[in-house]
Amino acid sequence: MRFRILGPTQVLLADGRELPVGGPRLRALVALLLLDAGRMVSAERLIDGLYGEHPPRGAANALQSQVSRLRQALSAEHIPVELHPGGYRLAVDPDDVDAYRFEQLAEVGRRALADGDWSRAAGVLREALELWRGRALADVVDVAGAPAQAARLDELRLAATEDRIEAELALGAHAALIAELRELVAAHPLRERPRGQLMRALSALGRPAEALAEFANARRTLAEDLGTDPSAALTAIHLAVLRGGERPAVRGTAEPALPSQLTTFVGREEELKRVGDLLGERRLVTLTGPGGAGKTRLAIEAAGRLDGDVRFVELAGLAHGSDVPQAVLSALGLREAGLRAPAEQGRQPVDRLVEALAERHLLLVLDNCEHLVADAARLAARLLSACPALRVLATSREPLGLAGEALCPLSGLTLPPPDASAGEADDYAAVGLFVQRAADVAPHFAVTPDNVEMVQRICRTLDGLPLAIELAAARLRALPVAEVAGRLDDRFRLLSMGSRNASPRHRTLRAVVEWSWDLLDDAERRLARRLTVFAGGATLEAAGQVCGLPTAEFVDALTGLADKSFVEFTGGRYRMLETVRAFCAERLTEAGEADQLRRAHTAYFLEFAWTASDHLRRAEQLHWLRRLDAERDNLHAALRRATAAGDASDAAGLVAALSFYWWLRGMRGEGARLAADVLDVLGPEAPPGLGEEFALCVYNASLAGSGHLPPLGTQHSVIRSLDRPLRQPFLLYLSGISTGPPPGGAEHVDELMRELRRLVGPDVWINALAAMGSGSAQMWSGQQDRARAALASALDGFRSAGDRWGSMITLGVLGELAAWQGDPETAGAHMDQAMRLAEDLGSAVDQADMLRTRGETRLRAGDLAAAGDDFADALLLAQRSGAPEFVSGARLGLAQVARLRGDLVEARRLCEEALSGGLTGWYVGEATRSEIMLALEQITEAEKAGAPPSADGA
C-alpha cells in the first residue's frame with residue numbers, strides 16, 4: 001500500500017489502483033492520520049481538525065461515525081484503523097507515506113551534497129522531488145493544523161530543489177537549469193540561494209552581463225522590500241563574476257570544466273611552478289613524457305590553479321583526427337548550428353571555434369594528443385593565430401612541433417638516495433606517493449626502518465613513474481611490501497630479454513601493468529580485457545550487459561578491478577587509465593574476443609540509441625539528452641566500428657536513431673561525416689528493409705554538403721516508399737530542411753501528413769509536427785488566421801508530448817506571425833517563452849536569433865531602448881557562440897537604433913562592422929548583407945538631409 005499527501009490525498013493498492021477514500025471529510029481524516037502515520041492521534045486533535053472551532057454536539061460520536069465510514073471505505077484488510085485509549089491510529093508503515101519518504105530522501109541527498117558526492121545527491125534528490133504532485137495536503141487546506149504542516153513540507157521541498165540544483169550545477173548542467181532557476185527567482189524574489197545559483201549558471205555559460213543584472217535586481221528588490229543589502233554569500237558570487245571567474249569560493253559550486261580527481265596531488269611542485277610560469281609567458285605549453293608519467297594529472301592541477309576560464313578536452317577516445325575540432329566544440333558547450341536551421345554548408349567546426357574564441361580569454365587543455373598529434377597541432381596553430389587571448393596547454397608523448405611551443409618534459413618523481421633513512425625517504429615525491437596510495441588499501445602503512453629499503457627498491461625499480469607506483473601500491477591490499485618488491489625484481493629479470501628498441505621507462509611501465517595483470521584472477525582478467533571495448537567509460541548496466549559475465553561473477557570482478565587500480569569509478573562511470581586500457585586491449589585481441597565484444601557493444605548502444613530517441617520527443621527530453629551526452633563516445637565508437645566492419649544494418653540504424661540527438665545538440669557536421677561514411681557501405685540505393693535508415697543517412701550527409709549523394713526525390717516519394725511505420729519521425733523535419741519548402745504550400749503538407757497517418761496511425765508528436773508545417777506554409781502564403789490556428793494546435797501537441805524543441809520552434813513562428821500582424825506584445829511573449837526553451841536545450845545560437853527577432857519587433861513599435869537591449873544581448877550571445885551571421889544581424893539592429901536616435905556616425909560604424917562578418921556562402925548571410933546595404937543607404941540619406949528620421953522610418 002502507498003499513501004500520498006504531497007498533493008491531493010490518495011491511497012494506492014499494490015497494483016497501482018487508487019482506492020476511493022470518500023468525501024472531503026473522510027479525506028481530511030485520512031490526511032490527519034497519515035501526518036502521524038503509525039502513531040496514535042488524539043480524538044481532540046481529530047475533532048479540531050475535522051470540525052474547527054464549532055464542532056457539532058456529540059462530536060466524539062460524530063468522529064467515531066467518520067472512523068467507521070473510513071473503515072468501510074478502506075477495508076480493514078488493507079488499512080486497519082485502530083482504536084486506542086483517547087484516540088485512533090492508522091496502522092501503516094511511515095515509509096509507505098510519500099511525505100515521510102520525501103523527508104528521508106531529502107536528508108540523504110543533503111548529506112551527499114555536503115560530502116561532495118554530486119551524482120548521488122542529484123539522483124536521490126530528483127527521486128525525492130518526483131514524489132510531489134502538487135501542493136502538500138492540497139485538498140485539506142481548511143483542516144486545523146494542515147496549513148502549518150503544508151507550509152513546512154513546502155519549505156522542505158524548496159530546500160531540496162535548491163540542493164538538487166546545487167548538485168546539478170556541480171555536474172555541469174548549467175544550461176539545463178537556467179529556465180528553472182528563473183522561475184524560482186520569480187516565485188521567491190527574496191530568497192538569495194536560487195538567485196546566486198542563477199548568477200553562477202549564467203556566468204559559467206559565458207553570460208556575465210546577465211549574471212550581473214540578476215545581482216542588480218536582487219539588490220534593488222531587497223532594498224525596496226526589506227531595506228537591506230545582499231548577503232555576504234551573494235556578494236561573493238557577484239565579485240567572482242566581476243573578476244571574470246566562474247567558480248566563486250562557495251561550497252558546492254564545483255565547476256566541471258576540469259575533471260574531478262579522486263586522490264590528492266603528490267609531488268611535482270617544481271614542474272607545477274614551471275608550468276604556471278610558462279603559461280604566464282607563452283601561449284602554447286606542452287607536457288611531454290612516457291605513458292604513466294602523470295602528464296594529465298599535472299595539467300589538471302596546473303590549470304585548476306590559474307585564474308580565468310578553463311576548458312578540458314579529452315582526446316584519448318577519438319579515433320580520427322577530423323574529430324578533434326568537434327571534441328573542442330563539445331567541451332566549450334558550442335553547437336555547429338541552431339535548433340531551427342541547418343549548419344551553413346561548407347563551414348567547418350574549426351570556423352565556429354575561431355568565431356567563438358576570437359575575443360575570449362581562455363585556457364584550452366588538450367589531453368592525450370599523441371595518437372592525433374598532427375591534427376591537434378593543426379587545430380592549435382589555427383586557433384592560436386586567430387584568437388589572441390587564447391592559451392593552449394597540451395599533453396602528449398611527443399611535442400606538437402609548432403613555433404613558439406614551450407616544452408615541459410616529465411620523467412619519474414624524485415627518488416631518495418639509496419642510503420636514506422625512513423624519515424628522509426618520506427620527503428621524496430616517489431616515496432610520498434607510494435605511501436599515500438598504500439595507505440588507501442592498508443590504512444596503517446608507513447615507511448619504517450624495517451621496510452624503507454624495500455619501499456625505495458620498488459620506487460627506484462619503477463623509475464618513479466606515478467602510474468606504476470600507484471599500481472604497485474595497490475598490491476599491498478593482499479601482499480606484504482617485501483613480496484611486492486620481490487615480485488617486481490622477478491618480473492624485470494624476465495623483461496630484460498625483451499626488445500632493446502623500447503625505452504627503459506616504457507618497458508618498466510609495461511612490465512608493472514603486466515605484473516598487475518598476472519595478479520588478477522580469471523574473472524577479473526576477462527572483465528578487464530572486455531571493458532576496453534568501451535570509449536569514455538561505462539555505466540554499471542552497460543558494462544554488465546556488454547561484457548557477458550554472470551551477475552555475481554561480474555560484480556565481484558568489477559570490485560576487484562577497482563580495488564587493484566585497474567578501473568576507477570567517478571561520475572557514475574567506470575573508466576580505465578589509457579595505459580592500462582591499451583595493455584588490456586591487446587589481451588582482448590589475443591583472446592580472440594575483439595569481434596564478439598564489438599558486436600555486443602554495438603548491439604547494446606544501438607538499442608540504447610533507439611530507446612533514447614523515443615524519449616527525446618517526450619517530457620523527459622532533457623534527462624535523455626544528458627544520458628546521450630554521457631554516452632556520445634560509445635555511440636560514435638559503435639557507429640564507426642560497425643561502418644568499418646561493413647555491418648550496414650547496425651551502422652545505418654545508429655545514424656537513424658541518433659539523427660534527432662545530433663540536431664538538438666548542434667552536431668550537424670559530425671553527424672554528416674558519419675552518415676556519409678555509412679552511405680559508402682550502403683551503396684547508391686536503399687538495401688531491402690533499410691529504406692528509412694538510407695533516407696536518414698542521405699539527409700544527414702546533405703547537411704554538410706557531402707559531395708554527390710544518392711537522389712531521394714520529394715518528401716512525398718520518400719514517405720510512399722516506406723514499407724513499414726517510421727521509427728524516427730524526425731525524418732519528416734529533416735527531409736523538409738534538406739529539400740526545401742513544398743511547392744504546393746499548406747495543401748501539400750496536409751496531403752503528406754494524410755499519407756503518413758496511413759502508415760503510422762495517430763501520433764501526438766507527428767500530428768503536432770504536421771500542424772506546425774501546415775501553419776508555417778499558411779503563414780507564408782498569407783493565410784494568417786488559418787496559420788495561427790494550426791500553429792496553436794501544434795503548440796498544444798508539442799506541449800502535450802513534452803517536447804521542448806517542437807514547442808520552441810512553434811513559439812518562434814507564432815512570434816513572427818504576431819509581429820507581422822502588428823501585435824508586438826504577443827510577439828514578445830512568444831519569443832520570451834521560446835528563448836526559455838532554447839536555454840533549456842542549451843542553444844545560445846537560437847537565443848541570439850530570437851533576441852534579434854524580438855528586437856526588430858520592438859524597433860518597429862518605436863521602443864528603441866528595449867530594442868537596443870535585445871540587440872546588445874543578441875550580440876553577446878552570438879559572439880560567444882561563434883555565429884558570425886547572427887553577430888552581423890545584431891550589429892545591424894544596433895545600427896538601426898543608433899540611426900533612429902540620430903547618431904549617424906555610430907550607425908555607420910556598426911553597419912561597417914556588420915559587413916565585415918561572415919556573410920557569404922548561404923542565404924541567411926546574404927539576406928543580412930542586403931539589409932545592411934539598405935541601412936547604409938538610409939544613413940546616407942539622413943546625412944544628406946541633416947536630420948534624423950522618426951521611429952516610423954525604421
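It should be noted that the structure appears before, not after, this text.
Everything quoted here is computed from the prediction, not taken from an experiment.

S.K.: How should I be thinking about the overall build of the chain in this particular structure?
M.R.: Across its full length, the chain carries 43 helices and 12 strands. Looking at the 954 residues of the chain, the share that counts as buried comes to 53%. Counting contacts in the chain only where the partners sit at least 6 residues apart, residues at least 24 apart contribute 71% of the total. Taken as a whole, the chain presents about 39,800 Å² of accessible surface, with 51% of it coming from carbon and sulfur.

S.K.: What should I look at first to understand the sheet that holds strand E6 (residues 284-288) in this one?
M.R.: The pairing of strands in a sheet comes from backbone hydrogen bonds and takes either a parallel or an antiparallel form. With parallel pairing, the 5 strands of this open sheet are ordered in space as E7-E8-E9-E6-E10. The sheet terminates laterally at strand E7 (309-314) and strand E10 (406-409), the two strands that pair on one side only. Along the sheet, successive strands turn relative to each other by an average axial angle of 15°, direction set aside. As paired elements, strand E8 (residues 362-367) and strand E9 (residues 390-396) share 5 bridges and run parallel to each other.

S.K.: So what exactly am I meant to see when it comes to the packing of helix H28 (residues 632-644) against helix H30 (residues 668-682) here?
M.R.: In a pair of packed helices, the angle between the axes and the distance between the axes together describe the arrangement. Contact geometry for H28 and H30: axes closest at 9 Å, N-to-C directions at 25°. On the basis of their axis angle, the class for H28 and H30 is roughly parallel. Here the hand of the crossing between H28 and H30 comes out left-handed. Contact with H28, carried on its side by His636, Leu639, Arg640 and Thr643, involves Glu670, Leu674, Asp677, Val678 and Val681 of H30 and no other residues of that element. Looking at side-chain class alone, the contact of H28 with H30 contains 4 nonpolar, 2 polar and 3 charged residues.

S.K.: Can you help me understand the environment of Ser411 in this one?
M.R.: Examined against the element boundaries, Ser411 turns out to sit in the loop between E10 and helix H16 (422-425). On the basis of relative accessible area, Ser411 is assigned to the partly exposed category, the value being 34%. Residues Ser411 and Ala293 lie 118 residues apart in sequence; the distance between their C-alpha atoms is 6.0 Å.

S.K.: Is there a simple way to think about the packing of helix H14 (residues 349-357) against helix H40 (residues 864-881) in this case?
M.R.: At a minimum axis separation of 6 Å, H14 and H40 run at an interaxial angle of 130°. With respect to H40, the axis of H14 lies oblique. Note on element contacts: H40 touches H14 through Gln879, Arg880 and Ser881, opposite Arg352, Glu355 and Ala356.

S.K.: What exactly am I supposed to notice about the nonpolar core here?
M.R.: The tendency in soluble globular proteins is for nonpolar side chains to be buried side by side. Membership of the largest hydrophobic core comes to 200 residues, with the highest contact counts inside it found for Phe434, Leu531 and Trp805. In terms of residue count, the dominant contributor to this core is helix H29 (residues 648-664) (12 residues). If sequence neighbours within four positions are ignored, Trp805 has contacts with Leu339, Gln621, Phe660, Trp663, Leu664, Phe730, Tyr733, Trp765, Leu769 and Leu841. Ranked by size, the runner-up nonpolar core spans 43 residues in total, among them Leu46, Val97, Phe102 and Val140.

S.K.: Would you take a moment to explain the pattern of salt bridges for this structure?
M.R.: Side chains that differ in charge, positive against negative, can pair when their charged atoms come close. Tallying each qualifying case throughout the model produces 53 salt bridges. Here Arg182 makes a salt bridge to Glu210, at a shortest N to O gap of 3.0 Å. You can see Arg182 sitting in helix H7 (residues 174-187) and its partner Glu210 sitting in helix H9 (residues 208-226), a full 28 residues away along the chain. In this structure, Asp629 engages Arg665 in a salt bridge whose closest nitrogen and oxygen atoms are separated by 2.8 Å. Highlighted residues: Asp629 in helix H27 (residues 621-630) and Arg665 in the loop between H29 and H30, separated in sequence by 36 residues. For Asp629, a relative accessible area of 26% puts it in the partly exposed group. Among the residues examined, Arg665 registers a relative accessible area of 18% and is labelled buried. Salt bridges here are not isolated pairs; linked through shared partners, they connect Glu155, Glu162, Asp163, Glu166, Arg191, Arg193 and Arg200.

S.K.: I tried to follow the packing of aromatic side chains on my own but got confused; where do I start?
M.R.: What characterises a pair of aromatic rings is the spacing of the ring centres plus the angle enclosed by the ring planes. All chains considered together, the criterion is met by 18 aromatic pairs. Measuring from ring centre to ring centre gives 5.2 Å for Trp780 and Trp820, while their planes differ by 85°; the resulting arrangement is edge-to-face. You can see Trp780 sitting in helix H35 (residues 764-780) and its partner Trp820 sitting in helix H37 (residues 804-820), a full 40 residues away along the chain. Site record: aromatic cluster; members linked through ring pairs are Phe660, Trp663, Phe730, Tyr733, Trp765, Phe798 and Trp805. Lying over the aromatic face of Trp765, Arg617 brings its terminal NZ or CZ to 5.6 Å of the ring centre. Cation over ring: Arg668 sits above Trp663, and NZ or CZ is 3.7 Å from the ring centre.

S.K.: Looking at this model, I keep getting lost on the environment of Gly773. Mind explaining?
M.R.: For Gly773, the position within the fold is in helix H35. Each C-alpha atom, one on Gly773 and one on Ala794, is 8.8 Å from the other, the two residues being 21 residues apart in sequence.

Procedures and definitions
- Residues numbered from 1 in each chain as written.
- Predicted model: local features only at pLDDT ≥ 70, side-chain atom pairs only at ≥ 80, totals over all residues.
- Heavy atoms only, no water.
- Helix = DSSP H or I, 4+ residues; strand = E, 2+ residues; numbered from the N terminus.
- Buried < 20%, exposed > 50% of the residue type's maximum accessible area, 1.4 Å probe, protein only.
- Contact = heavy atoms within 4.5 Å.
- Areas by Shrake-Rupley, 256 points an atom, 1.4 Å probe, with all protein chains shown as cover.
- Pairing = 2+ DSSP bridges.
- Axes fitted to C-alpha atoms, helices over the stretch in contact; angles between N-to-C directions.
- Parallel < 35°, antiparallel > 145°, perpendicular 65-115°, else oblique.
- Left-handed = near helix turned anticlockwise from the far one by under 90°.
- Nonpolar A, V, L, I, M, F, W, Y, C, P; charged D, E, K, R; others polar.
- Core = buried A, V, L, I, M, F, W, Y, C linked by side-chain atoms within 4.5 Å.
- Salt bridge = Lys/Arg side-chain N within 4 Å of Asp/Glu carboxyl O.
- Phe/Tyr/Trp six-rings, centres within 6.5 Å; stacked < 30°, edge-to-face > 60°.
- Lys NZ or Arg CZ within 6 Å of the ring centre and 35° of its normal.

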